[in-house]
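Listed below, chain by chain, are the residues.
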Protein chains: 2
Amino acid sequence: MFDDTQQYIYSVHMSSSSPASPKSGARKPRALTRDKVITQAMALADQDGFDALSMRKLAASLDVTAMSLYNHVTGKDDLLDLMLNRVVAEFELPQIDGPWDEMMRRRAGSMRQALLRHRWAPALLISKIALGTEILRDINATLGCLITAGFSYAQADWARNAIDSHVYGYTMQELNFPVAPEQYQAAAAQFLPMISRQDYPFMHQAAMQIIEGKYDGMTRFSFGLELILDGLARWRQSPSGGGGA
Amino acid sequence: MFDDTQQYIYSVHMSSSSPASPKSGARKPRALTRDKVITQAMALADQDGFDALSMRKLAASLDVTAMSLYNHVTGKDDLLDLMLNRVVAEFELPQIDGPWDEMMRRRAGSMRQALLRHRWAPALLISKIALGTEILRDINATLGCLITAGFSYAQADWARNAIDSHVYGYTMQELNFPVAPEQYQAAAAQFLPMISRQDYPFMHQAAMQIIEGKYDGMTRFSFGLELILDGLARWRQSPSGGGGA
DNA sequence: ACCTGAACACCGTTCAAGT
DNA sequence: ACCTGAACACCGTTCAAGT
C-alpha cells in the first residue's frame, strides 16, 4: 500500500540475520522479498505486457507457487500500487527553488519517458488511487516549485492538473498509435483507399499531405506542453480569475 | 469491428421476416441482435463497473448462454470496440464552417460528459485502436473545422491531439478522484494529520488552504482547455514553427 | 515465518451437437 | 441461422497443512 523502501531495508535485515537454510543445498536461496516480487512483476509487465502478468505466472517466474506471493504482498491490487510507486519514482523531482517552467518541462519529459518504458503504467496510474510515498513526494515538489515561483495554491493545483492531463493523455495516445514514425508515409499510402474521400474528406486530404511529404504526420509532445506553459506564464503575470491565497 | 448501424438494420429485417417461433410460447422472443448485445453491455458496464462485464454475466442478463453472444459479436474485444464507437457517437460533432474555438469548446465539453456517463470508456478509448465509423466521423469533422478556420493540416493534427490529450487526461483524473467536491473541506481536515508537514510541507499547506476556505480545492476542466485554445489562437495568427501546407 | 496443495468461484473461447 | 452443453485452459484468492 505504501512505501516499499522500508520493506526493502527490512527484508535485507531479515535475510542477513538467518545464516543459511539447514537442509536444502544451494538450489533454492529462499530469499523471496517484497522488493524482488515488485521488480520481477515490473520486468514481466514491461516485457510480456500487462495482460500476461498473473499472480501464477509471476510466481512461476520466481520459482515459487502463486500462494507464496501473498506472504509479501496483500494481493494483486496491492502489488499494482507498489509497482506504480516505483514508476513515479522515475519522474524527475522538481527543485523547489528552480525556474518553474524549466522544472515543469523536465518533469513532464521524464514522466513521458518513464511511461514509455512502462507501457502498462499510465492506464493504471490514472484509473487508480495509489498513494505511495514517491507519489506524495512528486506532488509535493511539483506544487512547491510552482508556489515558490509565485503561483497561488489554487493556481499551482490547476497548473499541475493541466500538465499531468497533457502528459498522460498525450503519452497514452502515443503508446497506442499503431505505426512507427518512419512508416507514416508508407502507412498513409496503404490506408488511403480505405478512407472514403466522400465520407471523410479532411482525413483523406490529411493522408494525402503525408503521402506527398508536406506533413510528416508526427504530433509533438512539446506542442501541447508549451501551449500550457506559455499560458501559465501569462496567467502568472495577470492572475485574472484566481481562486485566492 | 466497424459500424453497428448496418448490422442493426440487417437484424430488424431478419426478425420481421421470420413470422413467429413455432413451438415455444411467447416467453422467449429470441430476437437477440448485435444492437441489443451492445446496448446491454454498455448498461451493465455503466451500472456495475467494467470489471463486472463478463461474457457470461452479459449473456445471463440477456437470458441466454454465453456462447450465443458469439453469433452477434466476434469476441469480447470486438464487443468493446463496438461499445467505444457508441460512446464516441455521443461526442458533439463540430460544424465544419463554425467558429473553430467555440466548436472545439463544445466538442471537448460533450466528450467530458460522455466519458463521465461511461466511466469505463476513457481507459479503453486511449489504450485501444478502435476505428468505428463514429470515430472516423469525429476525427474528420474536428480536423475539418480547424482546417477550414485557417489552420494547416499539421497544425490541425497537433491541435486535435493537444485537446484530446487534455480531455482524456483531465477526465480520467476527475473520474479517479476519491471525494466529491462538496466534501473537499471535510476530507482535507480528515487527512491533514496523515500528510506529514515535514515530508510534504506544500501538500500540508495546500490542505490547510482548503480547510480555511481559501481555496475550494476544485480543479477546472476549462482552465487547461482555455490555456490550450488561447495558445492555438495565437499560433494561428503567427504560425512560428509550422509544419507546412 | 514462510511456503505449499487442494479447492473454490470465477474467466474467454472452441467445438460438436442440437433445432 | 441461431442457440446450447460440455470442455479446455486459464484466473485471483482462501484455507488448512506442512516445515
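What counts as what
Residues numbered from 1 in each chain as written. Chains lettered and ligands numbered in written order. Predicted model: local features only at pLDDT ≥ 70, side-chain atom pairs only at ≥ 80, totals over all residues. Heavy atoms only, no water. Near = heavy atom within 4 Å. Polar contact = N/O pair within 3.5 Å; in protein donor to acceptor, adjacent residues only side chain to side chain. Helix = DSSP H or I, 4+ residues; strand = E, 2+ residues; numbered from the N terminus. Nonpolar A, V, L, I, M, F, W, Y, C, P; charged D, E, K, R; others polar. Phe/Tyr/Trp six-rings, centres within 6.5 Å; stacked < 30°, edge-to-face > 60°. Buried < 20%, exposed > 50% of the residue type's maximum accessible area, 1.4 Å probe, protein only. Lys NZ or Arg CZ within 6 Å of the ring centre and 35° of its normal. Axes fitted to C-alpha atoms, helices over the stretch in contact; angles between N-to-C directions. Parallel < 35°, antiparallel > 145°, perpendicular 65-115°, else oblique. Left-handed = near helix turned anticlockwise from the far one by under 90°. Contact = heavy atoms within 4.5 Å. Least-squares fit on C-alpha atoms with pLDDT ≥ 70 in both.

1. Some details on the protein's contact with DNA strand D
At step 1: Lining the immediate surroundings of DNA strand D are 18 residues, of which Arg56(A), Lys57(A), Tyr70(A), Thr65(B) and His72(B) lie closest.
At step 2: Considering DNA strand D, the proportion of its atoms within 4 Å of the protein that are sugar or phosphate atoms stands at 53%.
At step 3: Separating a phosphate oxygen of DNA strand D from a backbone N or O atom of Met55(A) is a distance of 2.9 Å.
At step 4: The leading source of residues in the surface near DNA strand D is helix α3 (residues 55–61) of chain A, at three residues.
At step 5: In the surface near DNA strand D, the residues fall into seven nonpolar, six polar and five charged.

2. Brief notes about the side chain of Glu134(A)
At step 1: Mapped onto the fold, Glu134(A) is located in helix α7 (residues 133–148).
At step 2: At a separation of 3.3 Å, a polar atom in the side chain of Glu134(A) contacts the side chain of Arg137(A).

3. Let's talk about the packing of aromatic side chains
At step 1: Summed over all chains, the structure comprises 14 aromatic pairs over all chains.
At step 2: Ring plane angle 65 degrees and centroid distance 5.4 Å describe the contact between Tyr170(A) and Phe221(A), whose orientation is recorded as edge-to-face. Of this pair, Tyr170(A) sits in helix α8 (residues 153–176) while Phe221(A) sits in helix α11 (residues 221–237); the two residues are 51 residues apart in sequence, bridging distant segments of the chain. This pair shows no difference in class: Tyr170(A) is buried, exactly as Phe221(A) is.
At step 3: Taking 6.3 Å as the distance between ring centres and 65 degrees as the angle between the ring planes, the aromatic pair formed by Tyr215(A) and Trp158(B) counts as edge-to-face. Separated into two different chains, Tyr215(A) in the loop between α10 (201–211) and α11 and Trp158(B) in helix α8 (residues 153–176) make up a pair that spans both. Comparing Tyr215(A) with Trp158(B) shows no difference in burial state: the two are buried.
At step 4: Site record: aromatic cluster; members linked through ring pairs are Trp158(A), Trp235(A), Tyr215(B) and Phe223(B).
At step 5: In this structure, Arg236(A) is placed above the aromatic ring of Phe151(A), and the distance from its NZ or CZ to the ring centre is 6.0 Å.

4. Quick notes on the packing of helix α7 (residues 133–148) of chain B against α8(B)
If you want to describe how two helices pack, look at the angle between their axes and the distance between the axes.
Residues and elements named next belong to chain B.
At step 1: Axis separation between α7 and α8 bottoms out at 9 Å; the angle between their running directions is 125 degrees. Considering the angle they form, α7 stands oblique to α8. α8 is crossed by α7, and the crossing has right-handed handedness. Facing Ile139, Thr142, Leu143, Leu146 and Ile147 of α7, the residues of α8 in contact are Tyr153, Ala156, Asp157, Ala159 and Arg160.
At step 2: Within the contact of α7 with α8, the residues separate by chemical class into seven nonpolar, one polar and two charged.

5. Considerations on the packing of α8(A) against α8(B)
At step 1: One way to put it is that α8(A) packs onto α8(B) with a least axis distance of 7 Å and a crossing angle of 110 degrees. As judged from the angle between their axes, α8(A) and α8(B) are roughly perpendicular. Considering how the two elements wind past one another, α8(A) and α8(B) form a crossing that is right-handed. Taking contact as the criterion, the partners of Asn161(A), Asp164(A), Ser165(A), His166(A), Gly169(A), Tyr170(A) and Gln173(A) in α8(A) are, on α8(B), Asn161(B), Asp164(B), Ser165(B), His166(B), Gly169(B), Tyr170(B) and Gln173(B).
At step 2: Residues that form the contact of α8(A) with α8(B) fall into these classes: two nonpolar, 10 polar and two charged.

6. Topic: the relation of the copies chain B and chain A
At step 1: In screw terms, the move from chain B to chain A is a rotation of 180 degrees and a rise of 0.0 Å along the axis, fitting with an RMSD of 0.0 Å. A rotation of that kind, with that shift, is consistent with a two-fold axis.

7. Regarding the side chain of Lys128(B)
At step 1: With respect to the helices and strands, Lys128(B) occurs in the loop between α6 (121–125) and α7.
At step 2: A polar contact of 3.2 Å, which involves the side chain of Lys128(B), links it to the side chain of Asp77(B).
At step 3: A distance of 3.3 Å separates a polar atom in the side chain of Lys128(B) from a polar atom in the side chain of Asp81(B).
At step 4: If we ignore the near neighbours within four places in the chain, the residues touching Lys128(B) are Asn176(A), Asp77(B), Leu80(B), Asp81(B) and Leu84(B).

8. Structural notes on the protein's contact with DNA strand C
At step 1: Not every one of the 18 residues close to DNA strand C is listed here, only the nearest: Thr65(A), His72(A), Arg56(B), Lys57(B) and Tyr70(B).
At step 2: The sugar-phosphate backbone supplies 54% of the atoms of DNA strand C found within 4 Å of the protein.
At step 3: Note that a phosphate oxygen of DNA strand C is positioned 2.8 Å from one of the side-chain N or O atoms of Thr65(A).
At step 4: It is helix α3 (residues 55–61) of chain B that provides the largest number of residues to the surface near DNA strand C, a total of three residues.
At step 5: The residue makeup of the surface near DNA strand C, split by class, is seven nonpolar, six polar and five charged.

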